[in-house]
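Letter by letter, the chains look like this.
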Amino acid sequence: MVPVRAATARRGRRALMQRNKQVLEGPVVQTLVRLTLPMLVAMFAMVGFNIVDTFFVGRLGTEELAAMGFTLAVVMSVNSVSMGLGMGTTAVISKVIGQGDAHGMQRLAMNAILLGLLVASTICTVGLLTIRPLFGLMGADGVVLDHIGAYMSVWYLGLPLIIVPQIGNSSIRATGDTKTPAKIMISVLTVNAVLDPLFIFGYGPIPGMGLRGAAIATVIAQGIALLLSLRVLSRRGLIIIEREPWALLSASWRRILHIGVPAAITQLITPLSTGVITAIVATYGVAAVAGFGVASRLEMFALMVIMALGSALVPFVGQNWGAGNKARVGRAVKAAVVLASGWGGFVWLLSLVAGRPVAAVFNDNPAVVDTVVGYMAIVFPSLFLLGVLTTVANSLNALHEPVKSMTLSILRMFVIYVPLAFLGSALVGLAGVWWAAFAANMTSGVAAIFWFRHIFRGLEHEPAPSFAEEPEPAPAGV
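Position numbers for residues start from 1 in each chain and track the written sequence from start to end. Local features in this predicted model are restricted to residues whose pLDDT is 70 or higher, and side-chain atom pairs enter the listing and the counts only when it is 80 or higher, whereas totals over whole chains, interfaces and linings include all residues. Values reported for side chains reflect all heavy atoms of the structure, with hydrogen atoms and water molecules removed beforehand.

Should a side-chain nitrogen of Lys or Arg be within 4 Å of a carboxyl oxygen of Asp or Glu, the pair is scored as a salt bridge. Throughout the structure, instances matching the rule amount to four salt bridges. Linking D177 and R236 is a salt bridge whose minimum nitrogen-to-oxygen distance equals 2.6 Å. Pair noted here: D177 is in the loop between α6 (159-174) and α7 (179-201) and R236 is in the loop between α8 (210-235) and α9 (246-282), with a separation of 59 residues, a long-range link. Classification of D177 by relative accessible area gives buried; the value is 6%. For R356, the salt bridge goes to D370, with nearest N and O atoms at 3.1 Å. With R356 in helix α12 (residues 326-362) and D370 in helix α13 (residues 366-379), the pair connects residues that are 14 residues apart, well separated along the chain. According to the relative accessible area criterion, R356 is partly exposed, its value standing at 44%. Only runs of H or I of at least four residues qualify as helices and only runs of E of at least two qualify as strands under DSSP, and these elements are numbered from the N terminus. When accessible area is computed with a 1.4 Å probe and restricted to protein chains, residues below 20% of their type maximum are described as buried, those above 50% as exposed, and intermediate ones as partly exposed.

See the structure below:
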């Protein structure tokens, strides 16, 4: 058995070296596209996962759907933490791969999983103790609060099975393999789509469990993702199980959290600020809120290509920066900026042609459709610079400059968008809120270009940090 495992690990390392060679030496644009397309598939799978859950829960009734709506804020917050840890994992592992440190890669991948378990266990404990008080403060009561308790009590217990697979997939992406995590996500979506109706409504000996059944289906599907992820990591020799001194373990965690914490905060900025903007829009009536909701979702859907490109840029930049290919990093970021801004421009032109008919598909209320079209007409011309901002922010994370990436997000949302939305609403009306979004995208996008050029010029003259500099355990007897 041991020789078989050793041979499997050797094959995995050879495949890793081949992918590493492509990332370090392959044509920049083609390599970025190759990394981006599977990331896009994975994002669609994540969206599909939520759509499937919402579809089946919606068939239970209004109270169950309302209960799931209450859980959205907590689920999004935890997902932000998980995505932040994943970003940190990808950034640090891709850099040591570029530096050729195979043992460091294995240790960091294993330590990232341990960190994920610790974070998941902590959130689980706090969450289970605060279900009724927290959601009661949010306004849930009666039967709805009971439904929330049934769902979240299972969901919290399954957090290790939800967070750890994302970290495992991030380790795989760091090697330059974005296809395997996409396949895992598709598998999770498929399993969840099969198990949702089985556990929610019941079949044969399995009783219908309502919202609790939806949570059980989610946990089982994510558990399968964990097994698949760990199997890939093990077969490719990407993790190593060994006793590690606290100094090395804590050093690994600090490196991951150095990027993960700001990245998680960045993920939280958008939903928090969107909540404030929604409150402003709500003063114009239900149709305005409905139209803003449709327009925001269409915008998010259209920007998935840019988000996938930004995520694919992290392992590319990380590996090449670790290998000292700084000129190649610069070319990649420029290429990604051109691709992202080009896609943003294409989305705007498409909205001019198809905006109104697409809006009418979601709701035929003329007031709602007019709100969507008005949003598109003002905000969508700025999407090309929002694409630039997204690309630069991901590049900064890969370069271990997460606070600067977070600062750009704060600049866009809280320094420009929210204050101007209040002012624009008071002076112009609802269109003033849309012009605030336009101004935020344009200003922060331009700022991102100039700031990145300044930061990159400074980093070019610094030696790339080496993970080999981690403190080694003292010899016995010292």
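Turning our eyes to something else, we now look at the nonpolar core. Residues grouped as a nonpolar core are buried Ala, Val, Leu, Ile, Met, Phe, Trp, Tyr and Cys residues, joined through side-chain atoms within 4.5 Å. By size, the foremost hydrophobic cluster in this structure holds 128 residues, and its most contacted members are L32, M152, W155, I277, Y417 and W434. In what follows, residue pairs with any heavy atoms lying within 4.5 Å of each other are defined as contacts. Apart from the residues lying within four places of it in its own chain, the contact partners of W434 are V281, F292, T371, G374, Y375, I378 and V379. In this structure, F49, I184, V188 and A225 belong to the second largest nonpolar core, which totals five residues.

The geometry of helix α2 (residues 28-58) relative to helix α3 (residues 62-98) is characterised by a closest axis approach of 8 Å and an angle of 150° between their N-to-C directions. The angle between α2 and α3 falls in the class roughly antiparallel. Packed against α2, whose contacting residues are D53, T54, V57 and G58, the element α3 presents E64, L65 and M68 at the interface. Polar here means any residue other than Ala, Val, Leu, Ile, Met, Phe, Trp, Tyr, Cys and Pro, which are nonpolar, and Asp, Glu, Lys and Arg, which are charged; Gly is therefore polar. Counted by class, the contact of α2 with α3 contains three nonpolar, two polar and two charged residues. Axis definition: a line fitted to C-alpha atoms, over the contacting stretch in the case of helices. Angles run 0 to 180 degrees between N-to-C directions. Roughly parallel covers angles under 35 degrees, roughly antiparallel covers those over 145, roughly perpendicular covers 65 to 115, and oblique covers all other angles.

A separate point is the packing of α2 against α7. Running from N to C, α2 and α7 cross one another at 5°; their axes reach a closest spacing of 8 Å. Comparing their axes, α7 and α2 come out roughly parallel. Across the interface between the two elements, P38, V41, A42, A45, M46, G48, F49, V52, D53, F56 and V57 from α2 touch K179, A182, M185, I186, V188, L189, N192, A193, D196, P197, I200 and F201 from α7. Taken together, the residues of the contact of α2 with α7 sort by class into 18 nonpolar, two polar and three charged.

A few words on the side chain of E299. Residue position: E299 is located in helix α10 (residues 286-302). Here E299 occupies a buried position and makes no salt bridge, while the nearest side chain of opposite charge, R412, is found at 5.6 Å. A polar side-chain atom of E299 sits 3.0 Å from a polar atom in the side chain of Y375. In this structure, E299 is in contact with Y375, V379, F380 and L383, ignoring residues within four places of it in sequence. Positive residues here are Lys and Arg, negative ones are Asp and Glu, while His and the chain termini are left out of the count. The term polar contact refers here to a pair of N or O atoms within 3.5 Å; inside protein, the definition further demands a hydrogen-donor-capable atom paired with an acceptor-capable atom, and it admits residues adjacent in sequence only when both atoms are side-chain atoms.

Mapped onto the secondary structure, M87 falls in helix α3. Note on M87: relative accessible area 15%, which makes it buried. Along the primary structure M87 and L257 are separated by 170 residues, whereas in three dimensions their C-alpha atoms are 9.6 Å apart. Residues within four places of M87 in sequence aside, it is in contact with I259, A263, V314, N394 and N397.

Right, let's get into the side chain of D177. Among the polar contacts listed, one links the side chain of D177 to the backbone nitrogen of K179, at a separation of 3.1 Å. In this structure the side chain of D177 is engaged in a polar contact, spanning 2.6 Å, whose partner is the side chain of T180.

In the Ramachandran plot, H400 falls in the positive-phi region, its phi being about 65° despite a non-glycine side chain. Its relative accessible area of 16% is what places H400 among the buried residues.

Turning to α9, a few remarks are in order. Counted at 1.5 Å a residue, the expected span for α9 with its 37 residues is 54 Å, and the 52 Å between its end C-alpha atoms agrees. The sharpest bend along α9 comes to roughly 35°, located at L257. Residue count minus one, scaled by 1.5 Å, sets the expected span of a helix. The reported bend at a residue is simply the angle between two axes, fitted to the 7 residues ending at it and to the 7 residues beginning with it.

Relative to the helices and strands, P165 resides in helix α6. Taking the C-alpha atoms as reference points, P165 and D53, 112 residues apart in sequence, are found 19 Å from one another. What P165 contacts, discounting residues up to four positions off in sequence, is P160, Q222, A225, L226 and S229.

It is worth spelling out the packing of aromatic side chains at this point. Stacked, edge-to-face and tilted labels apply to pairs of Phe, Tyr and Trp rings (six-membered ring for Trp) whose centres lie within 6.5 Å, assigned for plane angles under 30 degrees, over 60, and everything in between, in that order. A complete count under the given rule lists 11 aromatic pairs for this structure. A ring pair is formed by F292 and W434, whose centres lie 5.7 Å apart and whose planes are at 15°; its orientation type is stacked. One end of the pair, F292, is in helix α10; the other, W434, is in helix α16 (residues 430-460), and 142 residues separate them in sequence. What makes F292 buried here is its relative accessible area of 5%. Seen from their ring centres, Y375 and F380 are 6.3 Å apart, and the 80° between their planes marks the pair as edge-to-face. Each of the two residues, Y375 as well as F380, counts as buried.

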